Amino acid sequence: MKLLQFIVKRKILIGLIFAFIVVAGIISTDKIGKKLLPTQTMDGVVVQLVAGNLEALNIEEQIVTPLEQRFKDIDGFEEMESTINLGISSTRVYFEEGKGEKGHEEIQSILNSLSPQLNGLQDYYTFQMSSDQPFEFFMEISNGDLDEMTSFAKNVLKTKLEALPEVREVALTGLKEYEVNVQLDQEKLNEHDVNPTQIFNLIQNSNTTTSLGEFTEEENTPLLRWDTTYSNIEDLKHLPIPTINGNVNLDEIADITLEPVSKVSTIWKEGETDLILVEIGRVSDVTQIEMAKAVRAEVEEIRNENLVKGFHLNEIVAQSDYVESSIDGVQGNVLIGGIIALVMLLLFLRNIRATIIIGFAIPSSILLTFTAMWLFDQSFNMVTLIALGLGIGMMVDSSIVILESIYQKKEQGLSNFDAVIQGTKEVASAVVASMLTTIVVFVPIGFVEGEIGLIVSVLAIIVAITIISSVVVSFTLIPTLAEKFLKVEVTKKKTQVKPFITFYGSIVRWITKKLWHRLIVILLFIAIFIGSISLLSKIPMNVMPDIYNRYAELIVTMEAGLSEEKANETITEMGNRLSAIEDVETNYVIKDANSLIVLVNMTKDEKITREQKDVNEDIMSSLRGMTDNYPIESVAGMMGGGGGYPVHVLLKGQDFDKLNRLASNFITELNKIDGIVGANHSNENQSEAKKVMLNESALEEDGIASLQIKQMIENFSLSMPVGEMQINEEYAPITMSLGEPLATEVQLLNKEIKTLNGTEKLSKYISLETISAPNQIVHHDTERVIVIRADIENRDLGAVNRDVQQVIEQFNLPTNYTLSLAGQLEDQQQAMNEMVLVLLTAIFLVYVVMAVQFNHLAHPIVVMSVIPMTFVGAILGLLVTQQELNIMSGVGVIMLIGIILNNAILLLDRTKQLRNDGQSIGDALVEAGKNRLRPIFLTTFTTAGGMLPLALASGTAGNFQSPLAIVIISGLLFGTFITLVLVPSVYMIFNDIARGFKKIFSKSNKKVISNSIEG
């Protein structure tokens, strides 16, 4: 204790150190970044391929399969999934930990080298998976003339926002753009004997600007430039075309028009498409809040300049709002939690000076934590702030234990200095053991992978930093302040608590008297634990909670291969239904391949008339009600652990037809599960295609090659870009087409072509055969699989998971065919398996720490006997509040192991001290209980009180923090009262066992001695 004596005697040094901590903490607070969730770059790469109108089968054969064969050979490759649709494909490639960045570079290299050889591939995009979004601020321009809105978006808004140092990029969707269409007349081409290729080359070569040299001997050496670019449509119309009949103007053999580009809608507002979506992304070194402030200030300046007129410029959603809201909410909860902890302390000790000392300890610990967060490059986000909120209760535990021990010594009449030294020394080992057991439970968190692993790892790091900071404060600041500042009346009477202490002492005395007394206690608690396990099925289960307030994000999966007309009709109906829901303010739909991202803003503040939960339920039921009459396959929330279908089952096998039959049979069984809706599989919807069948004999008779027929058909539907021209300061693309686009089969077959024998109809040489082609093909590790999918209604994911697993186990499959979970069910199962592994490892590590600390193999088991009862409290808490059992509540259970053991450690440590002083085991247990009752209740109620605001929280962070806090509070309160009775019972049982062994061995020794004497 020399170090402690040095600390207490060097008050000025301690004061200066803590002054430095305060300054460093305040500086750190300003420098720590703010965001919604921690950032994680994952070891996975997304590859998106664009292939025009190529069918899924062709994309699979010509593009995806060759690429997959190369991707799987990349170093560190783990797993790969591909989804192929009409014209597009998305592949997710997963790598071993730490090899994602290198894998991304390899994939880019492969695409760069192979793309010219992949027939039909038009474009590709790759990006490494990350928890950060490319765009975090969304606006819309609507209710005006689309030409005016387009001009404003491109020339004003985009230009001004991208000039801001905080903004990386502004993306615009829904602009009205124009193109120059050159539609060739086939009859006039035949009349003048001109082919389309000739015209294509003329248009391109005439529309040029280049440098022809320079006048070296002229002043300033001017360049000689050639510029025959088109400045208006008239230039193009008068382009001379050489023919056998002499030159003719282009407009004599073609119809040349300036037309709006055919707009394929990708965003809707309440069913309407006349709007422009504005997506804004930030640079990496600024926060979401900083970017939002800069953007809003610039938009306000634009409004002040009266540049927004004749239309509306509105915000859709800004992630910074949820960052600020969550941070403000958790900060408020942390502050309230700290106040509650101080009130609890004041009620127990009834000493204002003791409360002030702890009041200094809390901000000191927090500021020391902030300094450590800055050094470890952590940010203020929902996870770290929740960790701080949880830490508020725990960070005063060690300070309370030490202060209470000093308080007792002063009550006993010791001098100030001796009371500080002896009081701190008496509980030092217990405080250190408590800190270590609380921290080591987080070591196995590394087993949890992915985004969930990131969240719980960050939570663990901040809680560990908080606890270590609080212990440092408790061994330095608390003794220093307590020596002179803490005033205690010397008295042995504590009349107010005496009845309860007497009652508790009598219970412990009853336990120590008879073996069957303690056996009854232990058997009773075992029965309670077993009974609580049956309640687990009644608790809602999920992977991750929702985090948004008065806002919802959903993903709607459409049938593959839909026409634009049918998709628009469906989306318009969605907008109408959402607008009719009470408390829905605005809704937006963004199209992404076969999926629709639905953004719903709800009323806020005084406009609120309904709870968000009720609005969410109406939104889901309204959209799910469209599945019978519209081509909607599923509707799911984006934040419930992932978008799309929550139920995914992979069916693998050799024969594709057999896979289809098995999938249909499995869906029949799946539909029998309560809560399953919208079950389907990935190969269910197929599109009709027309296959060209050649009449080989007719081709041979007229001397026509099959390649000629292919080129002729391509020319009939020709529409290709041939350059661009500037019109009214905007560049418009020039496209060339041959006649009207083919709309019917009859049109194609009646087309006339030139042959050596004259003009013939195309139908003489080809016929069309109707075939079926899959709209979607799914690969898993290069193999074709069928994905069986289903949505969930009126049941939680965990309950459905159990039923789906049972169906999979009972389903009869042929040899070499397999069924396995995927999607959210797989995520949940993996997450729960990982949490069980973490739990078991944490228990083992706690045992090791305590075995070393107590230098005893049995005592840690005595302490850990309270863990099952802690689980009972956690289960009851979740059941009563109907909070979900998810990753956050699972982390709460793991934290409980470290927290609840602190009380048992205090009790057992004091019992050992008293036994070492010569007291009997019964007297030591009774006295230890009386001595440690006050600090146990103090730490329990301050921890529970500090976390109470988190448990009661609503709003942005409520769903995230409530399950965790409820688990800790309920488990801690239940476990504390059980600890006071269970630990003495188990301790006595181990003592009984030890005495039994001693009797056996002593009898054996006597018998051996007796035999040796008789011999």
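Definitions and cut-offs
Residues numbered from 1 in each chain as written. Predicted model: local features only at pLDDT ≥ 70, side-chain atom pairs only at ≥ 80, totals over all residues. Heavy atoms only, no water. Helix = DSSP H or I, 4+ residues; strand = E, 2+ residues; numbered from the N terminus. Buried < 20%, exposed > 50% of the residue type's maximum accessible area, 1.4 Å probe, protein only. Contact = heavy atoms within 4.5 Å. Areas by Shrake-Rupley, 256 points an atom, 1.4 Å probe, with all protein chains shown as cover. Pairing = 2+ DSSP bridges. Axes fitted to C-alpha atoms, helices over the stretch in contact; angles between N-to-C directions. Parallel < 35°, antiparallel > 145°, perpendicular 65-115°, else oblique. Left-handed = near helix turned anticlockwise from the far one by under 90°. Nonpolar A, V, L, I, M, F, W, Y, C, P; charged D, E, K, R; others polar. Polar contact = N/O pair within 3.5 Å; in protein donor to acceptor, adjacent residues only side chain to side chain. Bend = angle between axes of the 7 residues up to and from the residue. Core = buried A, V, L, I, M, F, W, Y, C linked by side-chain atoms within 4.5 Å. Phe/Tyr/Trp six-rings, centres within 6.5 Å; stacked < 30°, edge-to-face > 60°. Salt bridge = Lys/Arg side-chain N within 4 Å of Asp/Glu carboxyl O. Expected span 1.5 Å × (residues − 1). Patch = residues over 30% accessible without salt bridge, like charges linked within 9 Å, V, L, I, M, F, W, Y side chains within 5 Å. pLDDT = per-residue confidence, 0-100. Lys, Arg positive; Asp, Glu negative; His and termini not counted. Charge placed at Lys NZ, Arg CZ, Asp CG, Glu CD.

The name an unreviewed UniProt entry assigns to the protein is HAE1 family hydrophobic/amphiphilic exporter-1, from the organism Salirhabdus euzebyi.

Trainee: Can you lay out the overall build of the protein for me, pointing to particular residues and giving the numbers?
Mentor: If you tally the helices and strands in the protein, you get 31 helices and 30 strands. Residues classed as buried in the protein amount to 51% of the 1015 residues present. At a minimum sequence separation of 6, the contacts of the protein that also span at least 24 residues come to 79%. Roughly 47,000 Å² of accessible area belongs to the protein as shown, and the carbon and sulfur atoms make up 53% of that amount.

Trainee: I'd like a description of the environment of Ser 365, backed by residues and values.
Mentor: Its location among the elements puts Ser 365 in helix α12 (residues 352–375). Ser 365 sits in the buried class, given a relative accessible area of 1%. Here the alpha-carbon distance between Ser 365 and Thr 466, two residues 101 residues apart in the chain, equals 6.9 Å. The contact partners of Ser 365, leaving out residues within four places of it in the chain, are Met 395, Ser 469, Ser 470 and Val 473.

Trainee: Account for the sheet that holds strand β5 (residues 137–142), naming residues and giving values.
Mentor: Think of a sheet as strands paired side by side through backbone hydrogen bonds, with each pair either parallel or antiparallel. Taking strand neighbours across the sheet as the criterion, the four strands line up as β6-β14-β5-β15 in an open arrangement whose pairing is antiparallel. The sheet is open, and its two edges are formed by β6 (167–173) and β15 (312–318), each paired on a single side. Pairs of neighbouring strands in the sheet enclose a mean axial angle of 20°, with direction left out of account. Sheet analysis places β6 next to strand β14 (residues 275–282), joined by six bridges and oriented antiparallel. Paired with Glu 169 across the strands is Gly 281, a residue of β14.

Trainee: If you had to explain the packing of helix α14 (residues 397–411) against helix α15 (residues 416–440) to someone new, which residues and values would you point to?
Mentor: Contact geometry of α14 with α15 gives a least axis separation of 8 Å together with a crossing angle of 140°. Considered as vectors, α14 and α15 are oriented oblique to each other. The chirality of how α14 crosses α15 is right-handed. Seen from α14, the contacting residues are Ser 398, Val 401, Ile 402, Ser 405, Ile 406, Lys 409 and Lys 410; seen from α15, they are Asn 416, Ala 419, Val 420, Gln 422, Gly 423, Thr 424, Glu 426, Val 427 and Val 431. When its residues are assigned to classes, the contact of α14 with α15 shows seven nonpolar, six polar and three charged.

Trainee: Before we move on, can you summarise the side chain of Thr 371 with the specific residues and values?
Mentor: Residue placement: Thr 371 occurs in helix α12. With relative accessibility at 14%, the residue Thr 371 sits in the buried group. Here Gly 25 takes part through its backbone nitrogen, which lies 3.4 Å from a polar atom of the side chain of Thr 371. With sequence-adjacent residues up to four places away left out, Thr 371 is seen in contact with Ile 21, Ala 24, Gly 25 and Ser 28.

Trainee: Which residues make up helix α30 (residues 921–952), and what values do they have?
Mentor: The largest bend in α30 amounts to roughly 45° and is located at Arg 932, with the proline Pro 935 lying one to four residues further along. With respect to burial, α30 is a largely interior element, 26 of its 32 residues being buried.

Trainee: Describe the sheet that holds strand β19 (residues 632–637), listing the residues and the values that go with them.
Mentor: With respect to topology, five strands assemble into an open sheet ordered β13-β17-β18-β16-β19, the strand pairing being antiparallel. Looking at strand neighbours, the two that pair on one side only are β13 (267–269) and β19, the edges of this open sheet. Averaged over neighbouring strand pairs, the angle between their axes works out to 20° when direction is ignored. Sheet topology places β13 next to strand β17 (residues 584–592); three bridges connect them, and they run antiparallel. The residue bridging Lys 269 from the neighbouring strand is Tyr 588, located in β17.

Trainee: Mind laying out the nonpolar core, listing which residues take part and the relevant values?
Mentor: Residues Leu 486, Met 895 and Leu 901 are the most contacted members of the largest nonpolar core, which totals 156 residues. By residue number, the principal contributor to this core is helix α31 (residues 958–1014), which donates 17 residues. In terms of nonpolar packing, the next biggest core, distinct from the first, is built from 28 residues, Leu 157, Leu 161, Val 278 and Phe 311 among them.

Trainee: Go over the packing of aromatic side chains, please, and point to the residues and values.
Mentor: What describes a pair of aromatic rings is the distance from one ring centre to the other and the angle between the planes of the rings. Tallied over the entire structure, the rule returns six aromatic pairs. Between the aromatic rings of Phe 937 and Phe 941, the centroid separation amounts to 5.8 Å while the plane-to-plane angle is 20°, which identifies the pairing as stacked. Here the residue Phe 937 and the residue Phe 941 both occupy positions in helix α30, the gap between them amounting to four residues, near one helical turn. Residue class for Phe 937 comes out buried when judged on its relative accessible area of 7%. Ring geometry for Phe 937 versus Phe 977: centroids 5.6 Å apart, planes at 50°, classification tilted.

Trainee: Got a sec to walk through the pattern of salt bridges? Specific residues and values, please.
Mentor: Summed over all chains, the structure comprises 26 salt bridges. Here Asp 75 ties to Lys 99 by a salt bridge, and the two come within 3.5 Å at their closest N and O atoms. Taken as a pair, Asp 75 in the loop between α3 (56–71) and β2 (77–85) and Lys 99 in the loop between β3 (88–95) and α4 (100–114) lie far apart in primary sequence, 24 residues in all. The partly exposed category is assigned to Lys 99, whose relative accessible area is 29%. Here Glu 305 makes a salt bridge to Lys 160, at a shortest N to O gap of 3.9 Å. Here Glu 305, found in the loop between α10 (288–304) and β15, pairs with Lys 160, found in helix α5 (residues 146–162); they are 145 residues apart in sequence, far enough to count as distant. A relative accessible area of 28% means that Lys 160 is categorised as partly exposed.

Trainee: Account for helix α28 (residues 867–881), naming residues and giving values.
Mentor: For α28, built from 15 residues, the straight-helix expectation of 21 Å at 1.5 Å per residue is met to within 8% by its first-to-last C-alpha distance of 21 Å. Of the positions making up α28, those classed as buried are Ile 867, Met 869, Thr 870, Phe 871, Val 872, Gly 873, Ala 874, Ile 875, Gly 877 and Leu 878. Two residues or fewer after α28 comes Gln 882, characterised by a positive phi angle close to 60°.

Trainee: Let's hear about a nonpolar patch on the surface: which residues, and what values?
Mentor: Taken together, Val 23, Ile 27, Trp 374, Leu 375 and Phe 376 make up a surface patch of nonpolar side chains, about 540 Å² in accessible area. Within the secondary structure layout, Phe 376 lies in the loop between α12 and α13 (382–395).

Trainee: Give me the lowdown on the confidence of the model for the protein, citing residues and values where you can.
Mentor: In this model, the protein carries an average pLDDT of 82, and 90% of its residues clear a pLDDT of 70 or more. Per-residue pLDDT, averaged within each element of the protein, yields its smallest value for α13 (72) and its largest for α10 (92). Per-residue pLDDT stays below 50 along residues 493–497; that stretch engages in three contacts with residues further than four places along the chain or on separate chains.

Trainee: Break down the packing of α15 against helix α29 (residues 887–916) for me, citing the residues and quoting the values.
Mentor: Between α15 and α29, the shortest axis-to-axis distance is 9 Å and the interhelical angle comes to 155°. On the basis of the axis angle, α15 is roughly antiparallel to α29. With respect to the hand of their crossing, α15 and α29 are arranged in right-handed fashion. Contacts between α15 and α29 pair Glu 426, Ser 429, Ala 430, Ala 433, Ser 434, Thr 437 and Thr 438 from the former with Gly 898, Ile 899, Asn 902, Ile 905, Leu 906, Asp 909, Arg 910 and Gln 913 from the latter. In terms of residue class, the contact of α15 with α29 is built from five nonpolar, seven polar and three charged.

Trainee: I'd like to hear about the side chain of Ser 865, residue by residue, with values.
Mentor: Looking at where Ser 865 falls in the secondary structure, it is placed in the loop between α27 (859–864) and α28. Judged by relative accessible area, Ser 865 falls into the buried class, the value being 18%. Within the local environment of Ser 865, its side chain forms a polar contact with the backbone oxygen of Val 862, the two atoms lying 2.6 Å apart. If sequence neighbours within four positions are ignored, Ser 865 has contacts with Leu 982 and Val 986.

Trainee: So what about a negative patch on the surface? Which residues, and what values?
Mentor: A cluster of acidic residues, Asp 185, Glu 187, Glu 191 and Glu 752, forms a negative patch at the surface. Residue position: Glu 187 is located in helix α6 (residues 186–192). Classification of Glu 187 by relative accessible area gives exposed; the value is 65%.

Trainee: Can you lay out the environment of Asp 75 for me, pointing to particular residues and giving the numbers?
Mentor: Relative accessible area serves as the criterion here: at 59%, Asp 75 is assigned to the exposed category. On a C-alpha basis, the gap between Asp 75 and Glu 106 in space is 9.0 Å, while along the polypeptide they are 31 residues apart. In contact with Asp 75, other than residues within four places in its own chain, are Phe 95 and Lys 99.

Trainee: Any chance you could break down unusual backbone geometry for me, citing the residues and the numbers?
Mentor: One non-glycine residue, Thr 782, lies in positive phi territory at about 75°. Locating Thr 782 in the fold gives a position in the loop between β28 (776–780) and β29 (783–792). Residue Thr 782 is classed as partly exposed on the basis of its relative accessible area of 25%. Unusually for a residue other than glycine, Asn 816 sits at a positive phi of about 75°. Mapped onto the fold, Asn 816 is located in the loop between α25 (797–810) and β30 (818–822).

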